[in-house]
Every structure is written in structure tokens, then in C-alpha cells.
Amino acid sequence: MSTRKGMDRRDFIKASAAGLAGVGTTLAAGPAAARGGQAAPEAAPKIRSYRELGRTGFKVSDIGIGTSQTFPPEVLKAALDAGVNYFDTSEGYGRGQAESSIGEAIKGRDRKSFFITTKLRLDGLADAAAVEARLDQSLARLQTDYVDCLLMNPPSAASVKDEVYHQAVAELKKKGKVRFTGAGTHGSRTPGRGEPMEDILLAAVEDGRFDVLLVVYNFLQREPGDKVLEAASKKGLGVTIMKSNPLGRYYDTMSRIERLKKDGQPIDERLQKSMAQMAETAKQAESFIQKNGLETPAEVKAAALKFVLADLRVHTLNLAFNTFEDVQSSLALSGAGLSGGEKGLLASYERDCGPLYCRHACGLCEPSCPHGVPVNTIMRYNHYFEAQGSERYAMAEYAALEAAHADNCRTCQGFCEAACPYGVPVRTLLCLAHSQLTLS
Ligand code: SF4
Ligand code: SF4
């Protein structure tokens, strides 16, 4: 392969892979690089499109800020200067540090020009006073008197009617501490651990008291989100999107498989088969870059995000802003349409690389697992590790997981893999995830 822009083929594949792990939030030069003193870009692109966030009436930038980790305040300020005005956060992100970094970034700016959504863990909160006490802590970190939306994370369709939450929100609205109500979830299909995302969010739409939804939707995981978007759009709800970028890391899959083989644990015939399937898919992913003549992997990520932006039922995308490069690359997408060529690129990616992606908010295979391993949740933690650069957060979440871990997968027959309609070699992925998330 000829060199491009001074890169040899090996570098390009490696950079492409890091990029496919999340261009702009590259694994190799992720959040630490930003904190390490990156120079601010001379001129970040400006937000070119604002959309009305459903019945809240607030005009949000089509690119918003949202991630499970902390953000460098100077990077956030660059995004705000460029016109980004939507934040999605939670008391739990970085144990409150994400809220604190937002508080730092908005200090001295017109509070009314931003829409801030935060989330509280409601389990164990007995009444409205307990909810208010916890919200007050978030408000202190955010350095504000109110949040625009208090978003609940309901585990089931029935729980969207949680009266503690609704009473609390009603009282907090009267006090001016909360303006709107929201719901968002990844859902689960593991027996006893919840219900599918679409069932829960459709129940929230039906309930009628929610103003804003947070939905999983991307070009490889369309169907569940599509149902929710359609229902929300008919009722005039605001729709914000998470996991809009499903691209994964594959560049070192082979070496990771080799490490797994050498760690002294048993590898039965079925796991060998799963590993071979994974290796084959990884090869296809590599040839995808060559076949499509990509200049940079950013082209795939850009097309993936434009796919979601092109859907006018969507009001804003919650993206990670860890580096100034994120500000540049994400803001360049504001107001952009999806070209025919980009549609073709995504179709090609889906065909060649689709099996690398364990679909967020899926879990179709989970009921088949005899050990009750929450496949989709573990693969989501792995996504935080690989695609969002949130290594410590991902490992802490995995360690705290109150369910069977993926160490069970080494000696299992791989029922989940047989049940996956997308051909994901998920048994191998789970083994790799376990190894990575435990550093074993
Ligand atoms: S392995 Fe397949 S069926 Fe299981 S959660 Fe992932 S995408 Fe869904
Ligand atoms: S490999 Fe086996 S133990 Fe692991 S999730 Fe799949 S069915 Fe469950």
C-alpha cells in the first residue's frame, strides 16, 4: 500500500484502528493527552444547527456534551465558545467530578443559555426530601441553582411510574430546582436484571410525564431506538442520543487472542472456533480500510455520526469532549448531511465489520446464558474502556458488577454466541473483555 500523508501502511492501520476506537477520543492519545497540556486549536468550527428539544422549547445545539467520565474544563470551554449548549451528566460520572468540571466550565457564563441534564441513582431514596438532598449535592458541583432536566434511569417499564421520583420532581419544579423530567436507559434482557430499552422508554412516552429521553441509536443498532424515536416524535418529546458511534477497536485483536491463548487457562474446541471466527472478522475489518480507500478513519466515524444527525427526530448527540481534537472533529459535523458515498461506506462497514460490534441496548442472547452473565452490560463496560478511553471507570464498574462475570465464558459452550442474530463472536469478546477489565 502506498503511503498517505507520510504514514506507512502499518502506521495507517494502527492509526485507523485507534481511530475506529473513537476518532477524536483516541485510545492512544485520549483524555490524558488533553490534560497533559494540548494546545488549544486556533479556530474551532462553530455550531451551525440548533434544534428544538421537543416540548421543552429549548433550542439545543445538534452536538451536545455527554460522557461517562470527567472532562478537561478548558476543552469544555472551547466547545462552549463554539456554541455547544447541551450537557448530559450524572452524579455518578467520575463520582461527581464530571458535574464539577461542567460547573467550572460554565462559571461566569449566562446560565440560561445552557441546558443541563443530570441523573441521580434513585434506588434507596425513600422520599422527595432524600431526592432533593442528593440533587442539592449535584447543584453544588454544577455551581448552579437548577438543572434543566432530572433524568431517571428506570430498570423496568413499571418503574417509569416511580412515585418517589415523580413527587420529588413535582416539588423540585415548584422550588425552581428542576425544569423538566427525563428518562434514559440501556435496558437489559438478563432475567431478573431489567427489561429491554425500548419497552422501558416506550412506557415512559406512554406515561406522559416525561419531557426528554436519552436513547441508544446508531447505524448498526437502529431498530430498538427507531421505535422509541417514532413514539417520542409523535408526542413531542425531546430526544437525545447516546452510543451514536458504534465503532470498535480491532487493531490488536490478534495479539490479544494470542495472549489469551498463552495465559495458561483452558481453551476448548468451541472457544477455539470462536477465536478463529473473531480473527477472520478482524481481518475483514482491516481489509475494509483498504477496500474503501480511506484517507483517515475519521471518515467512518464522521459518517456514523452524520447518520444519526440526519434523523430529524433526534435533537442532540451526546458526545465525549476529552481533547481539543474532539472539539474540532465533532463540531465540524454540526448541521452536516449524510452523502450517498457515506451511506455506502456505512453499508460496507456494516457488512465487513458489523460482527465486531455487540449492539448496545441489545441483550437478545442473555436469556440463553446458564450462568446469568449480563453480556450486553459487560460489553458496554468494554466499550467504555476501548472506545471512550474511560479505562478506570470501566474497570471499576466491572469490579462492582453484581452479577456473574465473564470468567465463566472460558469453560462454557458459548450458548450466547449461538443465540446472537448478528454473528458476533461474543464468547471470545467476553473473554478478552474479562481479561482487559480485570488486567488479569
Ligand atoms: S452478542 Fe449479539 S445478541 Fe448478544 S447482546 Fe451482543 S449483539 Fe446482542
Ligand atoms: S460464553 Fe457462556 S457463560 Fe459466557 S455469556 Fe455466553 S453463555 Fe454465558
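Residues numbered from 1 in each chain as written. Chains lettered and ligands numbered in written order. Predicted model: local features only at pLDDT ≥ 70, side-chain atom pairs only at ≥ 80, totals over all residues.

Visitor: Can you explain the overall build of the protein chain? Please cite residues and give values.
Guide: A count of helices and strands for the protein chain gives 17 helices and 10 strands. Relative to its 440 residues, the protein chain shows a buried fraction of 53%. A separation threshold of at least 6 residues defines the contact pool for the protein chain, and within that pool the share at least 24 residues apart is 80%. (Helix = DSSP H or I, 4+ residues; strand = E, 2+ residues; numbered from the N terminus. Buried ≥ 20, exposed ≤ 12 C-beta atoms within 10 Å, placed from the backbone. Contact = placed C-beta atoms within 7 Å.)

Visitor: Describe the sheet that holds strand 7 (residues 178-184), listing the residues and the values that go with them.
Guide: Here 8 strands make up a closed barrel; going around it, the order is 3-4-5-6-7-8-9-10 and the pairing parallel. Ignoring which end each strand starts from, the neighbouring axes of this sheet average 30 degrees apart. The pairing of strand 6 (residues 147-152) with strand 7 spans 5 bridges and is classified as parallel. Along strand 7, the bridge assignment pairs Leu150 with Thr181. (Pairing = 2+ DSSP bridges. Axes fitted to C-alpha atoms, helices over the stretch in contact; angles between N-to-C directions.)

Visitor: Tell me about the nonpolar core, residues and numbers included.
Guide: Grouped together as the largest cluster of nonpolar side chains are 126 residues, with contacts concentrated most on Ala79, Leu201, Leu213 and Val215. When residues in this core are grouped by element, the largest group, 8 residues, is from helix 11 (residues 298-309). Leaving out residues up to four positions away in the same chain, Ala79 has contacts with Ile65, Val84, Phe321 and Val327. (Core = buried A, V, L, I, M, F, W, Y, C linked by C-beta atoms within 7 Å.)

Visitor: Before we move on, can you summarise the site of ligand 2 with the specific residues and values?
Guide: Around ligand 2 lies a shell formed by Cys369, His371, Val373, Val375, Asn408, Cys409, Cys412, Gly414, Phe415, Cys416, Arg427 and Leu430. When residues of the shell around ligand 2 are traced back to their parent elements, those giving at least two are helix 16 (415-419) and helix 17 (426-438). In terms of residue class, the shell around ligand 2 is built from 8 nonpolar, 3 polar and 1 charged. (Near = placed C-beta within 6 Å. Nonpolar A, V, L, I, M, F, W, Y, C, P; charged D, E, K, R; others polar.)

Visitor: Give a detailed account of helix 8 (residues 223-235), specifying residues and quantitative values.
Guide: An ideal rise of 1.5 Å per residue puts 18 Å on 13 residues; helix 8 measures up with 19 Å between its terminal C-alpha atoms. Along helix 8, the residues classified as buried are Pro224, Gly225, Val228, Leu229 and Ala232. Seen along its axis, helix 8 keeps its buried residues to an arc of 125 degrees; they face one direction. Looking at helix 8, the residues exposed on the side facing more than 90 degrees away from the buried face are Glu223, Glu230 and Lys234. Tucked into the core, helix 8 has its buried residues touching helix 7 (197-207), strand 8 (212-216) and strand 9 (238-242). (Expected span 1.5 Å × (residues − 1). Arc of directions from axis to C-beta.)

Visitor: For the packing of helix 3 (residues 73-81) against helix 12 (residues 324-331), give the residues involved together with the corresponding values.
Guide: Contact pair helix 3 / helix 12: the axes reach a minimum separation of 9 Å and the direction vectors enclose 25 degrees. Our classification of the angle between helix 3 and helix 12 gives roughly parallel. Viewed along their axes, helix 3 and helix 12 form a crossing whose handedness is right-handed. In contact with Val75, Ala78 and Ala79 of helix 3, helix 12 contributes Phe324, Asp326 and Val327. Tallied by class, residues from the contact of helix 3 with helix 12 come to 5 nonpolar, no polar and 1 charged. (Parallel < 35°, antiparallel > 145°, perpendicular 65-115°, else oblique. Left-handed = near helix turned anticlockwise from the far one by under 90°.)

Visitor: I'd like a rundown of the pairing of strand 8, residues and numbers included.
Guide: Burial analysis of strand 8 places 5 of its 5 residues in the buried class, which makes it a mostly covered element. Where burial is concerned, the two faces of strand 8 agree: the one with Val212, Leu214 and Val216 and the one with Leu213 and Val215 are both buried. With 3 bridges connecting them, strand 7 and strand 8 associate as parallel partners. Looking at the pairing, Gly184 lines up with Leu214 of strand 8. For the handedness criterion, the β-α-β arrangement of strand 8, helix 8 and strand 9 is classed as right-handed. (Right-handed = clockwise from strand over helix to strand, strands pointing away.)

Visitor: Go over the site of ligand 1, please, and point to the residues and values.
Guide: Close contacts around ligand 1 come from 13 residues, with Cys358, Cys362, Cys365, Cys420 and Val426 the closest. Taken together, the residues of the shell around ligand 1 break down into 10 nonpolar, 2 polar and 1 charged.

Visitor: Report on the packing of helix 5 (residues 128-142) against helix 6 (residues 163-174), specifying residues and quantitative values.
Guide: Between helix 5 and helix 6, the least distance of the axes is 8 Å, while the angle of their chain directions is 65 degrees. For the crossing formed where helix 5 meets helix 6, the hand is right-handed. Together, Ala128, Val131, Glu132 and Leu135 of helix 5 and Val164, Gln167, Ala168, Glu171 and Leu172 of helix 6 make up the contact between the two elements. Residues of the contact of helix 5 with helix 6, tallied by class, amount to 6 nonpolar, 1 polar and 2 charged.

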